[in-house]
Amino acid sequence: MNDDRLPPVAPEVTATLVENLSPRLRKRLDAAVTKLGARPTHRDGDTVTIQVDDETELRLHAPGGVVATAEAITCGCLLAPACVHRAAAACAAPTADPPPDLADRPTGAAPEPASATDPASATDPASSPSSQEVASPAQRAAADALWSAGAAVLEAGIEGAGAVTQSALLRAAHTARIRHLPRAAGAALSVVTLLRAARAGDPSYRTADFVTALAELLGTAHRVGTASGAELDAARGRARRPYSPDGSLRLYGLFTEPVVTDSGHGGVRTWVAGTDGRLFTVGDVAPGGVGRAVGVADRAVRLGDTALTHRELGRAGLAVSGATVSPDGRLGAGKGVKAVTARGAAWTELPLAALWETPPSEQAARALRSTSRYADPDGGGSDLLFLDVELIGAVRESAGTCLLALSESGIAVRLTVADDDPALAHRDNLMLLAAAPGTRLRVIGRLVPAPHPRLTLLACAHPTGGGTIDLGLDRLRRADLPDPAAPVHPAPPQQGGPGAHSPLYLLERRVEQTVSAGRAALGMLGDVTAETRRICRAGLPTAAGLLTALCTSAAQRERDLFGRLLPADTDSFATHWLTAALYTAAVADSLCAAAWEPVREGPAAEPSVPDRGPGRAVAQTAQH
């Protein structure tokens, strides 16, 4: 059985079914999930049937595409409804996205009915997302439950965090949602999704993503209990990003990029700029994968009365009245929005040319505020960089081949493909450009946080003039390249940036090891003095102290008067781990920003990384 063929199940349904199991059946739940995954399925309308054995069928009824109640999962075995099969099916299915929070419903919309099994938010006025100075007692309790569930995952590691542990996360996420804590609830659902991917051996799973999701969960839960005012609003988050009125806009097309997600969605996103340099996007993404991404580029833009396709909009202009914009720059397509086609602008003409005039270091700093692992979801901003470069040639890396280029400020930048799917043009175009050293290009790329300057290449000016190239959609030909006899700029020495040789990875790998194998594996490391000395020699004493504290906390177990081990202090260990995770992310961002500083005259020297600034501040905040 492919889990993707099962309908999504609401988090509270899975939690309820697991909680209703007897202790004996809970011990069998993980094995039941694995066994059920090997059974055939059949879909008939809104109902999916799983053949448990030759005589027993399990049905998931999903009107509207989602299993919304525990009663919608039925089993024909003799122990039903108290059998393990219903809970196993819920655990094997994808987790459904929660409905919008009550506070974010449009004016006049019908309220969501309160569940008989959940505490009704209507009885807790303090849980309303109104502008309160501190979190309500109900919100703090929900945050505490999320913290405990996240700490349990950290204690057990991926291998030990089975269906019961995941169920606790789902229950905590559901409670957080009805207490108007959508950011923490979303983080908990992300942790569950990544847990399942890791345990299933999904090739797209990355440990770094799991670290980010778990740290976001723990960090947000911690902030809810301690923050106030604007910081509390950021910790609570929004169930939906609201579109706000933005009056009349004159927009100029920049480029169109294909969008393909791991969940099977596909489409395009067209970037446009206003007269003041603000960036906006018009998107069309829906289920369909890479095939839809290629096809939808030539469909009309869903905005006002314009008949432009996405490809055409990327090179034309729009005049919009009654515009609505989300915090991340997406243009709304409501009934009140009017849009007509207008003249575009070349990348060398104002207002677009101004985007390339900002120094790369300032652009990278701005992009980092958007791409940082723990950035505020409502913070807005763009992760795009606009550079004038000279192509040097191909560079081989462990992950493949990238294109080396030299910016006007003397920074060596590595340009990589945004998507390796052969149906898209990214890889072929980059290889052709690599065969044209000495070519000067105006490019647009997306910042890749790394200790050296790195971008995914999205669009460029035509190598021989005459417009722009959407590198994911348009295919260059050899005839489009300039004369190969053009002078070639010598390749700059590869110095790798200020963080290329930083031993910060010694702390990062222990943070990742904890989520993979759990607290016990870290506690058996023994003496880490050699690692801490190396970190200190690089000027990172805070990192060395965090590594020592993390390993000491992992190994620490108290005993009672009779010498028996007492339960581990999961809260203390989770705090040390969270501190280390946030610190490494902050220092990595600092190293990335430093790598984009302009090259100075004189002998090359690797700058030291100061052990202060956001990294130390984050560490001290988390410890307190």
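Scroll up to find the structure.
Residues numbered from 1 in each chain as written. Predicted model: local features only at pLDDT ≥ 70, side-chain atom pairs only at ≥ 80, totals over all residues. Heavy atoms only, no water.

A. Quick look at the sheet that holds strand E8 (residues 317–325). Taking strand neighbours across the sheet as the criterion, the 5 strands line up as E7-E6-E5-E8-E9 in an open arrangement whose pairing is antiparallel. The open sheet has two edge strands, strand E7 (279–287) and strand E9 (338–342), and neither has a second partner. Pairs of neighbouring strands in the sheet enclose a mean axial angle of 35°, with direction left out of account. In this structure, strand E6 (residues 265–274) lies alongside E7, joined through 9 bridges in antiparallel fashion. The residue of E7 that forms the bridge with Gly-266 is Ala-286. Across the face of the sheet, helix H10 (residues 289–296) comes into contact with strand E5 (244–260), E6 and E7 while running at roughly 40° to E6. (Pairing = 2+ DSSP bridges. Helix = DSSP H or I, 4+ residues; strand = E, 2+ residues; numbered from the N terminus. Axes fitted to C-alpha atoms, helices over the stretch in contact; angles between N-to-C directions. Contact = heavy atoms within 4.5 Å.)

B. Looking closely at the environment of Pro-360. For Pro-360, the location among the structural elements is in helix H12 (residues 360–371). Looking at Pro-360, the relative accessible area reads 17%, which means it is buried. Residues Pro-360 and Ser-409, spaced 49 residues apart in sequence, show a C-alpha to C-alpha distance of 7.9 Å. Setting aside anything within four residues of it in sequence, one finds Pro-360 in contact with Leu-385, Leu-387, Ser-409, Ile-411 and Trp-596. (Buried < 20%, exposed > 50% of the residue type's maximum accessible area, 1.4 Å probe, protein only.)

C. Structural context of the environment of Gly-277. Considering the arrangement of structural elements, one finds Gly-277 in the loop between E6 and E7. Along the sequence, Gly-277 and Leu-350 sit 73 residues apart, while their C-alpha atoms lie 9.6 Å from each other.

D. Looking closely at the nonpolar core. Leu-169, Phe-210, Leu-214 and Trp-577 are the most contacted members of the largest nonpolar core, which totals 70 residues. Looking at this core, the elements that each hand over two or more residues are helix H5 (137–160), helix H6 (163–178), helix H7 (182–199), helix H8 (207–226), helix H9 (229–236), helix H14 (505–517), helix H17 (541–555) and helix H18 (570–595). Among all residues touching Leu-169, those that are not within four sequence positions of it are Ala-149, Gly-150, Val-153, Ala-188, Val-191, Val-192, Leu-195 and Leu-217. If you look at the next biggest cluster of nonpolar residues, it comprises 33 residues, including Leu-58, Cys-75, Ala-92 and Ala-93. (Core = buried A, V, L, I, M, F, W, Y, C linked by side-chain atoms within 4.5 Å.)

E. Seen up close, the pattern of salt bridges. According to the stated counting rule, one finds 30 salt bridges in the structure shown. With its nearest N and O atoms 2.7 Å apart, the salt bridge here joins Asp-474 to Arg-311. One end of the pair, Asp-474, is in the loop between strand E15 (468–470) and H14; the other, Arg-311, is in helix H11 (residues 310–313), with 163 residues separating them in the sequence. Among the salt bridges present, the one from Arg-330 reaches Asp-328, with a minimum N-O distance of 3.1 Å. Exposure remark for Arg-330: the relative accessible area of 35% places this residue in the partly exposed category. Taken together, the shared-partner salt bridges connect Asp-298, Arg-311, Arg-315, Asp-470 and Asp-474 into one network. (Salt bridge = Lys/Arg side-chain N within 4 Å of Asp/Glu carboxyl O.)

F. A look at the pairing of strand E12 (residues 412–417). Counting buried residues in E12 gives 5 out of 6 residues, a clear majority hidden from the surface. Relative to E12, strand E11 (residues 400–407) runs antiparallel, the two being bridged by 4 bridges. Looking at E12, one finds that Leu-403 is bridged to Leu-415. Adjacent in sequence and paired antiparallel, E11 and E12 are bridged by 4 residues, among which Gly-410 carries a positive phi angle near 90°.

G. Spatial organisation of the packing of aromatic side chains. Tallying each qualifying case throughout the model produces 3 aromatic pairs. For the ring pair Phe-255 and Trp-271, a centre distance of 6.3 Å and an interplane angle of 10° mean the geometry is stacked. Remark: Trp-271 occurs in strand E6 and Phe-255 occurs in strand E5; sequence separation between them is 16 residues. Since its relative accessible area comes to 0%, Phe-255 is described here as buried. Taken together through their ring pairs, the aromatic side chains of Trp-347, Trp-356 and Phe-386 make up a single cluster. (Phe/Tyr/Trp six-rings, centres within 6.5 Å; stacked < 30°, edge-to-face > 60°.)

H. Structural context of the packing of helix H1 (residues 11–19) against helix H4 (residues 84–92). Following both chains from N to C, one finds H1 and H4 inclined at 145°, their axes separated by 9 Å at the closest point. The two elements H1 and H4 cross, and the hand of that crossing is left-handed. For the pair H1 and H4, the contacting residues are Thr-14, Leu-17 and Val-18 in the first and Arg-86, Ala-87, Ala-90 and Cys-91 in the second. (Left-handed = near helix turned anticlockwise from the far one by under 90°.)

I. Highlighting H4. Of all the 9 residues making up H4, 8 are buried; the element is thus mostly covered by neighbouring parts of the structure. Of all the residues in H4, the buried ones are Val-84, Arg-86, Ala-87, Ala-88, Ala-89, Ala-90, Cys-91 and Ala-92.

J. Local environment of the packing of H14 against helix H16 (residues 529–537). At their nearest, the axes of H14 and H16 sit 9 Å apart, and the two run at 135° to each other. Relative to H16, H14 is oriented oblique. Only Glu-531, Arg-534 and Ile-535 of H16 make contact with H14, whose side of the interface consists of Tyr-505, Leu-506, Arg-509 and Arg-510. Split into classes, the residues belonging to the contact of H14 with H16 amount to 3 nonpolar, no polar and 4 charged. (Parallel < 35°, antiparallel > 145°, perpendicular 65-115°, else oblique. Nonpolar A, V, L, I, M, F, W, Y, C, P; charged D, E, K, R; others polar.)

K. Seen up close, the pairing of strand E3 (residues 57–61). On E3, burial follows the alternation: Leu-58 and Leu-60 on one face are buried, whereas Glu-57, Arg-59 and His-61 on the facing-out side are not. Note: strand E2 (residues 47–51) against E3, 5 bridges, orientation antiparallel. Each bridged residue has a counterpart across the sheet, and for Thr-47 the counterpart in E3 is His-61. Here E2 hands over to E3 after 5 residues, the two strands then running antiparallel side by side. Relative to strand E4 (residues 73–75), E3 runs antiparallel, the two sharing 3 bridges. Along E4, the bridge assignment pairs Leu-58 with Cys-75.

L. Main features of a negative patch on the surface. Where like charges cluster on the molecular surface, the negative patch consists of Asp-144, Glu-558, Asp-569 and Asp-571. Within the secondary structure, Asp-569 sits in the loop between H17 and H18. (Patch = residues over 30% accessible without salt bridge, like charges linked within 9 Å, V, L, I, M, F, W, Y side chains within 5 Å. Areas by Shrake-Rupley, 256 points an atom, 1.4 Å probe, with all protein chains shown as cover. Lys, Arg positive; Asp, Glu negative; His and termini not counted. Charge placed at Lys NZ, Arg CZ, Asp CG, Glu CD.)

M. The sheet that holds strand E1 (residues 41–44), seen in detail. One open sheet holds the 4 strands; their spatial order is E1-E2-E3-E4, and the pairing between them is antiparallel. Two strands lie at the open edges of the sheet, namely E1 and E4, each paired on one side alone. When the angles between neighbouring strand axes are averaged without regard to direction, this sheet yields 20°. In the packing of H4 onto the sheet, contacts are made with E2, E3 and E4, and the angle to E4 comes to roughly 140°.

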